[in-house]
Amino acid sequence: MSMKTKKLLIKIVAHVVLLIGAFTMLVPFIWMLSSSFKSLGEVFVFPPTLFGEKIIWENYTKISSRFDYFAYFLNSVKVSAWVVVFQVFTSATAGFVFAKLNFKGRDKVFLLYLATMMIPFHVTVITNYLQMSKYGLVNTLWSLMLPASVSAFGTFLMRQFFITLPNELVDAAKIDGCNPFTIFIRIALPMAKSTIATLSIFCFMGVWNDYFTPLIYINDSRKYTLPLGLASMKGMYSTDWPVLMSASVIAVLPVLIAFLLAQDAFVKGVMMSGLKE
């Protein structure tokens, strides 16, 4: 067997493995979408079927009639929008400072900042809760938005990109009379669009799908985010699974749309942020 044939076979096998992996990842989503159009009895039919006897669109209309679903959705939108905007801004600002501004102890401060990533979130839950309680923010959306407005990971990601910016570009801007803030706003940020898109998607997905944090801070069902709302739709003794699957489909759509719209920037941002110093 020639070397060219071996390479072709390896390439074919790699593509087959990737296709199998992709299909395996898609099966739960296909099943969720399929179940959202079935009756309760058809969901548990064995052997399973992809479609029921008829498409039941009423499962989607039952969501708002039985649960305050769109309040959950709106709460998630508010929290996600706030966190994405402020976390991206604070991460970009800190990343630029650590990458391009020289001051005493910069690398040590960054190392300490980065070390916070090694502390599991669950370790700080009690202290964070006590702090939110002291300020009267428990059972409000602010308890979800304010702590998530800064991110050590986001700062690290943005710093990795800003390091790749030529120092000559920054020096030239200084000679033209630009101060650090002007350089950051007019030069660094426009060049970091791909990395910003990457961080935005990571941030949005993390906040949108977060179940644990709202579970700790939110008691009022009217202030539930989507993960908590979906969990509350599961009954103690019985669950209307088609309706729950319909609600899950709607909950997944924003993440899917966000990723599809920013897919190219996301891939480019991951590649750029991985460049070594």
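The sections below set out a description of the structure shown in this document.

What counts, and at which threshold
Residues numbered from 1 in each chain as written. Predicted model: local features only at pLDDT ≥ 70, side-chain atom pairs only at ≥ 80, totals over all residues. Heavy atoms only, no water. Helix = DSSP H or I, 4+ residues; strand = E, 2+ residues; numbered from the N terminus. Rg over C-alpha atoms; globule rule 2.2 N^0.38 Å. Buried < 20%, exposed > 50% of the residue type's maximum accessible area, 1.4 Å probe, protein only. Contact = heavy atoms within 4.5 Å. Areas by Shrake-Rupley, 256 points an atom, 1.4 Å probe, with all protein chains shown as cover. Lys, Arg positive; Asp, Glu negative; His and termini not counted. Charge placed at Lys NZ, Arg CZ, Asp CG, Glu CD. Core = buried A, V, L, I, M, F, W, Y, C linked by side-chain atoms within 4.5 Å. Phe/Tyr/Trp six-rings, centres within 6.5 Å; stacked < 30°, edge-to-face > 60°. Salt bridge = Lys/Arg side-chain N within 4 Å of Asp/Glu carboxyl O. Polar contact = N/O pair within 3.5 Å; in protein donor to acceptor, adjacent residues only side chain to side chain.

## Things to note about the overall build of the chain
- Scanning the chain for helices and strands turns up 15 helices and zero strands.
- What you see for the chain is a C-alpha radius of gyration of 24 Å, clearly larger than the 19 Å of a compact globule of 277 residues, by over 25%.
- When the backbone C-alpha atoms are referred to their principal axes, the chain occupies close to 75 × 70 × 35 Å.
- Counting across all 277 residues of the chain, residues that qualify as buried make up 36%.
- Relative to all contacts within the chain whose residues are 6 or more apart in sequence, the contacts with residues 24 or more apart total 74%.
- Per element, the accessible surface of the chain, about 17,300 Å² overall, is 71% carbon and sulfur.
- Placing the 23 positive and 13 negative side-chain charges of the chain at their respective mean positions leaves the two points 7 Å apart.

## Examining the nonpolar core
- In this structure, Tyr69, Met158, Phe162, Phe184, Leu230 and Met233 are the most contacted members of the largest nonpolar core, which totals 48 residues.
- If you tally residues by element for this core, the top one is helix H4 (residues 69-100), at nine residues.
- Not counting residues within four places of it along the chain, the set of residues in contact with Phe162 comprises Ala92, Gly95, Phe96, Ala99, Lys100, Phe184, Ala188 and Ala192.

## Quick look at the packing of aromatic side chains
- Across all of its chains, the model carries 17 aromatic pairs by this definition.
- Between the aromatic rings of Phe37 and Trp57, the centroid separation amounts to 4.9 Å while the plane-to-plane angle is 75°, which identifies the pairing as edge-to-face. Here Phe37 is found in the loop between helix H1 (3-35) and helix H2 (40-43), whereas its partner Trp57 is found in the loop between H2 and helix H3 (58-66), with 20 residues between them in sequence.
- Since its relative accessible area comes to 18%, Phe37 is described here as buried.

## Examining the pattern of salt bridges
- A complete count under the given rule lists two salt bridges for this structure.
- A salt bridge links Arg106 to Asp107, with the shortest nitrogen-to-oxygen separation between them at 3.4 Å.
- When its relative accessible area of 18% is taken as the criterion, Arg106 is described as buried.
- The partner of Asp220 in a salt bridge is Arg222, with the nearest N and O atoms 2.9 Å apart.

## Remarks on the side chain of Ser200
- Mapped onto the fold, Ser200 is located in helix H11 (residues 193-208).
- Of the polar contacts made by the side chain of Ser200, one reaches the backbone oxygen of Ile196; its length is 2.7 Å.
- With near-sequence residues (within four places) excluded, Ser200 lies in contact with Val84 and Val88.

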